[in-house]
Amino acid sequence: MDPFHNTRIFRRNQAEPNAEGGYVLYWMQINRRFHYNFALEFAVEEANRLRKPLLILEAFSCDYPWASDRTHTFVMQGMAEHWNGVMEGRIRGVRPARVGGGHRDYGSRWDCVDRGDRGDRGDCAYYLPFVEEKPGQYERLLMHVISGAAMLVTDEYPVFIMKERNKRFPAQVTVPYVTVDSNGLIPLGMTEKDPYSAYLFRKTMQRHFVESFTRPPRENPLELLEVSAGSDESSGLSGLLQLPDAWFEGLPDANAALADIPGFISGLAIDHSVGPVKMHGGRSHGLARLDSFIKHDLLEYDEKRNHPDEKKTSGLSPWLHFGHVSEVEVVQRAIACQPQGWDLDKITYNKGSSDGFFNGNPNIDSFLDEVITWREVGFHFAHHRDDVDRFDSLPDWALTTMDQHRDDPREWIYTYEELAQSRTHDEIWNAAQTQLREEGIIHNYLRMLWGKKVIEWTPDPETALRYLIDLNNLYAIDGRDPNSYSGIFWCFGRFDRAWQEREIFGKLRFMSSDSTRRKVRMTAYLKRYAQGQGAKGEGAKG
């Protein structure tokens, strides 16, 4: 990779490569794609440097917080797309790893090389999918696979179980453990501390946009791979990469699991009440959504994105969250739509202002600010903090003002269950929660109101935050994401400033349903999501 991207690379221990290791391992935790992936690109470079084949492990656990049919289905759909693509030869440069003999001899019926594309060298990576059936199986297999590796490369990710794993595992392994940031356009290592506002991060983005944009990840990093198990005599392997049968004893067969996703999920000890959504996981579906947005919505984005009835938001967050699509390629597609005659020379650094930087079509410029500044500020904040999901991580002014108003009387107080089931007196809020519960998303503008009203309807701000995190992470297909935490914590003052003081909210920004109803067009939205949600809960009046 270009030396500029050294700020994406984090060496988590001081171990030396294992010369006896049979491969370089890329553990695909969250950026689940073979394209536009800096971590995969780095793993390819290390495999070439060490003259080792590359093994790609994509696995999924069953005991993560808020585990549900919804999340499991979306992730497994993406894995199935990978697996089927590999088995059918549609994903260039990848072949299935062989598990020594027996029913898991996946590699025996497929030839890696597209002879017209790569000659007879057989230079390809090896793909191993795994879906855990019982807690502990994933980690057991992972440690076996690491034990056979020369080194490990995985995804840098600043929240949730990925961050916890990347802190815990480096001390437990005896090979280099390297995490690589492929989350956004601006490398995580480019910021020295947590940005406390979008304005502050936007200044960083503007200073480094051109050099970041002009040094993208390779579309297909596997094209760079020089070594396969069949061509590297030093590895002691011949033919296909074979993994010991003993590593897989008592483990479920990923081939069978991915062939019957609903059947496999039905046997898991996860939350089956949160069902799958209509959105389909996988890169092809994410790219189809991107194509539709670029063709039909982008050039009206700034004018209509806040109006639910217009349906002009990108809708890309689920595929961005699970790494099926890269933010870089989203930015590339949007930039390509700038007016004729526009080029990078039109960009003007303007000290963090949201206007007058790209100097192109205002709809495109607005979308670029949203997908880069507002998405990535949460990643950079979380990268520098271990308390991103905790109440006391909020700015001092916000903590002070909420504490001063914590005993203010609340007209309505709802239980968690009443909120989850959309049983409040507020039609707009009920509609937003219903969309979240049924479809796994909330319209971007209404998400802000959704969060603000829970502050107003719970006994104290700590309870409000706990409810919002749980509702979001349980139901939202893009939950458990730095950007999700940004949206929730913004309601409590993160990345915002003090406003006029009022009851309950203190100096937090206030939003009302009446004002929202006047500002945005949502007649069709309310008809779709508010119908049948009129039954109010107990909602004790304060």
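Thresholds applied
Residues numbered from 1 in each chain as written. Predicted model: local features only at pLDDT ≥ 70, side-chain atom pairs only at ≥ 80, totals over all residues. Heavy atoms only, no water. Core = buried A, V, L, I, M, F, W, Y, C linked by side-chain atoms within 4.5 Å. Buried < 20%, exposed > 50% of the residue type's maximum accessible area, 1.4 Å probe, protein only. Helix = DSSP H or I, 4+ residues; strand = E, 2+ residues; numbered from the N terminus. Contact = heavy atoms within 4.5 Å. Pairing = 2+ DSSP bridges. Axes fitted to C-alpha atoms, helices over the stretch in contact; angles between N-to-C directions. Expected span 1.5 Å × (residues − 1). Polar contact = N/O pair within 3.5 Å; in protein donor to acceptor, adjacent residues only side chain to side chain.

Let's talk about the nonpolar core
So, step 1. If you look at the biggest cluster of nonpolar residues, it comprises 139 residues, and the most contacted ones within it are Tyr26, Phe34, Leu54, Ile56, Phe209, Ile372 and Phe492.
So, step 2. By residue number, the principal contributor to this core is helix H13 (residues 362-383), which donates nine residues.
So, step 3. If we ignore the near neighbours within four places in the chain, the residues touching Ile372 are Leu185, Phe201, Met205, Phe209, Glu327, Val331, Phe358 and Val377.

Some remarks on the sheet that holds strand S3 (residues 54-60)
So, step 1. Sheet architecture is open: seven strands sit in the order S1-S8-S7-S2-S3-S6-S4, paired in mixed fashion. The open sheet is flanked by strand S1 (9-11) and strand S4 (94-96), the only strands paired with a single partner. Across the sheet, the axes of successive neighbouring strands diverge by a mean angle of 30 degrees, strand direction being ignored.
So, step 2. By the bridge criterion, five bridges tie strand S2 (residues 23-28) to strand S7 (residues 149-155) in an arrangement that is parallel. For Tyr26, the partnering residue across the bridge sits in S7 and is Val153.
So, step 3. Strand contacts of helix H2 (residues 69-87): S2, S3, S4 and strand S6 (125-131), with the helix running at about 150 degrees to S6, the strand carrying the most contacts.

Examining helix H1 (residues 38-50)
So, step 1. An ideal rise of 1.5 Å per residue puts 18 Å on 13 residues; H1 measures up with 18 Å between its terminal C-alpha atoms.
So, step 2. Of all 13 residues in H1, 10 are buried; the element is thus mostly enclosed.
So, step 3. Burial in H1 covers these residues: Phe38, Ala39, Leu40, Glu41, Phe42, Ala43, Val44, Glu46, Ala47 and Asn48.
So, step 4. Those residues of H1 hidden inside the fold are in contact with S1, S2, S3, S7 and strand S8 (177-180).
So, step 5. Taking the backbone nitrogen of Ala39 as reference, a side-chain oxygen 3.0 Å away marks Asn37 as the first, capping residue of H1.
So, step 6. The positive-phi residue at the C-terminal boundary of H1 is Arg51, with phi of around 55 degrees.

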